[in-house]
Structures are given as structure tokens and as C-alpha cells.
Amino acid sequence: MIRKSLRRPLPKLWQRINSFRTLKQIHSYMLVHGFNSDPSHLRELIYAAAVTVSGSINYAHQLFEQISQPDVFTWNAIIRGSAQSLDPSKAISLYTQMEEKRNKPDKFTFSFLLKACTKLSWVSMGAQLHAKAAKYGFDAESFVRNSLINLHANCGDLNVASRLFQEAPTREVVAWSALMAGYARRGDLELARKLFDEMPVKDLVSWNVMISVYAKKGQMEKAQELFDLLPERDVVSWNAVLAGYVLRGSYSQALELFGEMQRTGEPADEVTFLSLLSACADSGDLETGKRIHCLLTEKNPNDLSILLSNALIDMYSKCGNIENATEVFRKMKERDVATWNSIILGSALHGHGSKSINLFIEMTRQKLRPNEVTFVGVLVGCSHAGMVQQGHHYFNLMRERYGIEPNIKHYGCMVDMLGRAGQLKEAFDFIEDMRIKPNTIIWRALLGACRLHGNLELAEKANKRILEMHPDQSGDFVLLSNAYASMDEWVGAEKVRKLMDDRGVRKEAGLSLIEADNKELMHFLLGRDSNLKLRDYFIQPK
């Protein structure tokens, strides 16, 4: 089949290359039969590797190095493929080589280079390329002008983008969409919508851009309104609205939208499932999460991406099912640092402190370098398991072996660990010796621990520090008052209540201060989009 195909015109052959395996097979055949010495054959192979076959850009670079005098077509192919890759900076490096070898670029070259600069947000380099395109007279070409508008609208000067747009003899839908998106991303939604409404022709990309911007800004009513008006939808349209509902915390609406998406027959992609798993994780909807897992395994039983596997670990951990999270983790063929962080943190918050430490050791044995998030998970594990000595060890290890300077979250973990263990004096001294200024959350963690362990002296000191920073927070007064009351120190409790009245501070109705305080600490330690639900992990009274 290959021998027969090579007798045909080359473009027909390269149009049929749709996989990396086929690409390598044809290259091997060329080497065996001497076609590799023909520049026309090799340049077509480079084009296929760089542009048409996904994930083969490195192979394209290897092929490109075999050509001693590449023509502008070959330069453009490798530059275009690099601009579209995960490392667009290679496109700029290639252009530098192109200039050094005195190869003259054409109008297509600048279009690819400007797209690379846009992806990298390289405004200065983009401006230099703009000047060079103008020098060659290519800035008047419509697709170069559109690339320039896109560059300046996204990361450069909106005034330049607007001027280019206004001066264009014909305004294509690509230019309208680029300028509209630029205004929207800079926060000017009104002007973006004005441009959208004025567009003589709206393609699906322009609809999706406007819907996505509304969704990201939390204006879901307007996003839904445009979505309902769409003459036709693709998976990007559905994903934009679905992700918007998840971002806003409207999980039921996100799941309802997915049901509608299924009924219309629109196939979901990885982005869809990532949003859905996030919705299940944040809402604690384990049953729906399991159903989504089943859908994923039906589509790709043995080939889930790292991103999807990480999202499943996150979902199961947050929904309280660490067993399923561990099962997903163990089935993964490849893991990144985020994978290990998720399972370490999940194990830690489910009370498996020793397991989280063992996972950390396993991670380092596989030559993966932990980051600051990894150590938050390890320290949380030490805290929940009461492993104070190990906590100190890993806190020091973080700085001494890995050169990671502890941040406020690591200090918070240590205070939480010492407070849980009843080592209140040590916790107080630790806060006093911190290299960075403690915030109110850390002092509240100590105050809560003092209340639980009955240390009024340190509770008063912690409360004093808190009130110096935030004198009008009712929770801090109530927590100290409760500390007095728990030890039958009613006079002290009444003094705190009177101080609240004197300052005009009112307690919020229905707020449990013990729970709220420790919930605040855990949200702070894990981040706003923490991987795990917190209700089972608050410090509880003995």
C-alpha cells in the first residue's frame, strides 16, 4: 500500500497521514527506498509532522534538522507547528535562525509568529514583528492584519488593535471576534457586546467568545440568553455555559445542562467532564460523580488522561470516598505532581496520616520533586494523625532539602498540628518565631485550640492579637467568651460580652464559632477550591 501510494502525487499521500504511527511508517519506507534524499518528499513529511499530526512536533524538528537548505514552505511549516505546540517560543527561535541564514519570510510566516507571541503574551516581541511585517509590506495582508489585531487586543495595546481594525478596508469576522474578545478580557463588557451586536456576520466562534466571557464574569443570565439564541451550537458552546454554572456554584443547573446536552446528541469532550467532576466534587454529589466515572470508562476504559484521572481523585476525595480515589490513583499509568498532591491530601484529611507520609516517600522515590502544595498535604496528614515529631521533620525538610521557603499555609498547618496535640505553649512560641507575619486565621486556630484545651491565659493573648488586626469581628469575641464559659469562668465570659456591647459588635445569628473557626482554617490551608469536604475534619472537643 505504501509503495503504491508513493507513486502518486505527494499531497495526496500526506493528506492521508492521520496518526503518528502512519507518519513513522512512511518515513521508514522513505529511508529504505531512498526517498529521504528528495527535498520535496522530506518537506511534505515535515509539514505532516508539524501541522497535520497531533503530538508529533518534536519528530518534525528532528526531520527539519536533516534539511541543509530549507525553503520558505518548510520554514513556515515548522514555525506554524511550533506556534501551535505547547512551547510556542520555539517558533520565535526558528525565525531567528531563519534570519541568520538569510532566508526571507513571507506573509504567512508573520501570521504564525504573531500567533505564537499572542499565546506567550510577548508584547515586546510582537511589536518588533509588527514593525518587520510593516517593513516587508505584509501588514496590509488581511490575515497578517487579523493576527496583529488579535495580538494587540489580547495582550498589547487595545488602541492599536482598534486603529488597525478601523483602518482595515474590509473587516472580517475574525477581526471582529478578536477585538471583541480583547475588550471583554480587559473588563469592558459593554463595548464588547456593542461590537458583537454590530457584527454584520457572526460566526460560531464570535458567539462562543461572548458567551464564554459572560460566563467567566459570572453573568450567567446573559450567557444563557445568548446560548438560547445560538443558531447552532458546538461542544465549546455547551462547555462555556456549563463551566460558568460550576464557577458560580450552580451545580444543579450545570448537571441539568449536561442532561440537555446528552439529549441533543452533542458528544461531550474532556473539558465537559472536567467541569462536571468539579461540580460533583464541590457539591459532594458522589452518586452523580460515579455515573460520570462510568461514562468515562465506557468511552476510554484504559486510557483516561492525567487531567481526568486527577479530577476523579479530587471528586472521590471531596465526596468522602478515599477508597475509590486510591483505586483511580493506582490504575493510572502516568502521574504528575498534581496527582500525588491530590491523593496525599485526600489521605491526610481522611485520617490516614501514615498513608499520606508513605505516599510522599513513594513519590520521592520515583524522582518526582514535591512542591509547596505537596508539603501542605504532608503537614495536614501529620496534624490529623497527631504526628508532631514527623510534622517538624517535614517542615524542616521542605526548606533544607528542597529549598521551599514555608508560606503562611505551612505555618498554619504547624499551628493546627500543635493545637490539636494540646501543645499550646509550643504553638504560641512557634507563631511568635514565624519568619512572616501571622494573619488572623492562624491566631484564631490557636484561640480555638486554647478553648478546647482550657488554656485561658494563651486564649487571651491570641484574642488580643486578633483584635489588634480586626477589632470588629464578632466571632473572635464569642470564641473567647466560650473559652471562659467552658471552664465555668462566667465573670470572664460576661466581661467579653460587655466589651462586645461597648464596641457595638453583634454576633451573627446561627453561627457556630467552634465549627466556623476551624472551617475557616481548613479553607485557608487548602485554598478556596480545596479538594476535600471539611465538615469531618474540624477540631472537636474532647
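Residues numbered from 1 in each chain as written. Predicted model: local features only at pLDDT ≥ 70, side-chain atom pairs only at ≥ 80, totals over all residues. Heavy atoms only, no water.

J.: Tell me what's going on with the overall build of the protein, and back it up with residues and numbers.
T.: Counting its regular elements, the protein contains 32 helices and zero strands. By residue count, 50% of the 542 residues in the protein fall in the buried class. Intrachain contacts of the protein at a sequence separation of at least 6 include 59% that bridge at least 24 residues. In the structure as shown, the protein presents an accessible area of about 26,500 Å², 49% of it carried by carbon and sulfur atoms. (Helix = DSSP H or I, 4+ residues; strand = E, 2+ residues; numbered from the N terminus. Buried < 20%, exposed > 50% of the residue type's maximum accessible area, 1.4 Å probe, protein only. Contact = heavy atoms within 4.5 Å. Areas by Shrake-Rupley, 256 points an atom, 1.4 Å probe, with all protein chains shown as cover.)

J.: Any chance you could break down the confidence of the model for the protein for me, citing the residues and the numbers?
T.: Here the protein averages 83 in pLDDT, and 81% of its residues register 70 or above. Here residues 508-517 scores under 50 on pLDDT; set against residues more than four positions off or in separate chains, the count is 15 contacts. For the stretch residues 528-542, pLDDT sits under 50, and the model shows 38 contacts to residues farther than four places along the chain or on other chains. (pLDDT = per-residue confidence, 0-100.)

J.: Describe the nonpolar core, with residues and values.
T.: Among the nonpolar cores identified, the biggest contains 153 residues, and Met315 and Leu446 are the most heavily contacted of them. Considering each element in turn, this core owes the most residues, eight residues, to helix H12 (residues 173-185). In contact with Met315, not counting residues within four places along its chain, are Leu277, Cys280, Ala281, Leu286, Gly289 and Lys290. (Core = buried A, V, L, I, M, F, W, Y, C linked by side-chain atoms within 4.5 Å.)

J.: Go over the side chain of Ser162, please, and point to the residues and values.
T.: Turning to its location among the elements, Ser162 is positioned in helix H11 (residues 158-167). Non-local contacts of Ser162, meaning those with residues more than four positions away in its chain, are made with Leu179 and Tyr183.

J.: Residues and numbers for the packing of helix H22 (residues 337-349) against helix H24 (residues 372-385), please.
T.: Here H22 crosses H24 at 15°, and the two axes come no closer than 8 Å. Judged by the angle between their axes, H22 and H24 are roughly parallel. By crossing handedness, the relation of H22 to H24 is classed as left-handed. Contacts from Val337, Asn341, Ile344, Leu345, Ala348 and Leu349 in H22 reach Val373, Thr374, Gly377, Val378, Val380, Gly381 and His384 in H24. (Axes fitted to C-alpha atoms, helices over the stretch in contact; angles between N-to-C directions. Parallel < 35°, antiparallel > 145°, perpendicular 65-115°, else oblique. Left-handed = near helix turned anticlockwise from the far one by under 90°.)

J.: So what's going on with the packing of helix H10 (residues 142-154) against H12? Which residues, and what values?
T.: Packing of H10 against H12 leaves a shortest axis separation of 8 Å and a crossing angle of 5°. Comparing the axis directions of H10 and H12 gives the class roughly parallel. Touching Asn146, Ile149, Asn150, Ala153 and Asn154 of H10 are Val174, Ala175, Ala178, Leu179, Gly182 and Arg185, all from H12. Classifying every residue of the contact of H10 with H12 by side-chain character gives six nonpolar, four polar and one charged. (Nonpolar A, V, L, I, M, F, W, Y, C, P; charged D, E, K, R; others polar.)

J.: Break down the packing of aromatic side chains for me, citing the residues and quoting the values.
T.: Centre-to-centre distance and the angle between the planes together describe a pair of aromatic rings. Using the criterion set out here, one finds 19 aromatic pairs in the structure. Seen in terms of ring centroids, Phe329 and Trp340 are 4.9 Å apart; in terms of plane orientation they differ by 80°. Their pairing is edge-to-face. With a gap of eleven residues between them, Phe329 in helix H21 (residues 322-331) and Trp340 in helix H22 connect regions that are remote in the sequence. The class of Phe329 is buried, set by a relative accessible area of 0%. (Phe/Tyr/Trp six-rings, centres within 6.5 Å; stacked < 30°, edge-to-face > 60°.)

J.: Requested: an account of the environment of Val51, with residues and values cited.
T.: Along the polypeptide, Val51 turns up in helix H4 (residues 39-52). Residue classification places Val51 among the buried positions, given a relative accessible area of 18%. Taking the C-alpha atoms as reference points, Val51 and Ser82, 31 residues apart in sequence, are found 8.7 Å from one another. For Val51, the contacting residues outside a window of four places in its chain are Ala77, Arg80, Gly81 and Gln84.

J.: Can you lay out unusual backbone geometry for me, pointing to particular residues and giving the numbers?
T.: One non-glycine residue, Arg102, lies in the positive phi region at around 60°. With respect to the helices, strands and loops of the structure, Arg102 is situated in the loop between helix H7 (89-100) and helix H8 (107-120). Although it is not a glycine, Lys367 sits at a positive phi angle of roughly 65°. You can see Lys367 is positioned in the loop between helix H23 (353-365) and H24.

J.: Account for the environment of Gly448, with residues named and values stated.
T.: By secondary structure assignment, the location of Gly448 is in helix H28 (residues 440-453). Given a relative accessible area of 4%, Gly448 falls into the buried group. As a C-alpha pair, Gly448 and Asn463 span 15 residues in sequence and 10.0 Å in three-dimensional space.

J.: Tell me about helix H13 (residues 189-198), and please be specific about residues and values.
T.: Turning to H13, its buried residues number three or more, namely Leu189, Ala192, Arg193, Leu195 and Phe196. One side of H13 holds all its buried residues, which, seen down the axis, span an arc of 160°. Tucked into the core, H13 has its buried residues touching H12, helix H14 (204-216) and helix H15 (220-229). (Arc of directions from axis to C-beta.)

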